[in-house]
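# Understanding the architecture of this molecule
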Amino acid sequence: LRYPGETYTETVLEQVEPVFFLELEGGVEAILGATFHHRGRLIGMYYDKKQPAGPPYFFDIENGFPAEIPDEEYQDVANTFAKEFPDYLSEES
C-alpha cells in the first residue's frame, strides 16, 4: 500500500498537529524540532518556522498537548537541552 488514503492522512494529521505546530504570541509559527526528557517529563523543543536559526522554545508535552513550563523551571530545561543536544543549537542562539 503506497498511499493509505485521504481519511488516514487527515486522521494522523489531526492527531499530531496539536503537538507539531504551535502558534505563539506575536504571530510566531513554531514547529516541533525535538523531544527529550527532563526530570521525568517529556519536553518539546520548538523553533520558529520563519527563523529556524533563532532561539528555541520549550514546552511540556502533557497528555499529547504542549503546555507552558513555569518560569522558574524554564532555564533549567533550556540548560538540559543545551547539554544533551548541543548540535541542535546554532551559534546565534
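The following paragraphs examine the structure supplied in this document.

### What to know about the overall build of the protein chain
- Looking only at helices and strands, the protein chain features two helices and five strands.
- When the elements of the protein chain are put in sequence order from the N terminus, they spell out α-β-β-β-β-β-α.
- Taking the principal axes of the C-alpha coordinates as reference, the protein chain spans close to 45 × 30 × 30 Å.
- Considering only intrachain contacts with a sequence separation of at least 6, the fraction spanning at least 24 residues in the protein chain is 34%.
- Summed over all atoms, the accessible surface of the protein chain reaches about 6,800 Å², with 51% contributed by carbon and sulfur.
- Charged side chains in the protein chain number 6 positive and 19 negative. The centres of these two groups are separated by 5 Å.

### Some remarks on the environment of P52
- Along the polypeptide, P52 turns up in the loop between β3 (41-48) and β4 (57-62).
- Using a relative accessible area of 51% as the deciding quantity, one classes P52 as exposed.

Calculation rules
Residues numbered from 1 in each chain as written. Predicted model: local features only at pLDDT ≥ 70, side-chain atom pairs only at ≥ 80, totals over all residues. Heavy atoms only, no water. Helix = DSSP H or I, 4+ residues; strand = E, 2+ residues; numbered from the N terminus. Contact = heavy atoms within 4.5 Å. Areas by Shrake-Rupley, 256 points an atom, 1.4 Å probe, with all protein chains shown as cover. Lys, Arg positive; Asp, Glu negative; His and termini not counted. Charge placed at Lys NZ, Arg CZ, Asp CG, Glu CD. Buried < 20%, exposed > 50% of the residue type's maximum accessible area, 1.4 Å probe, protein only.

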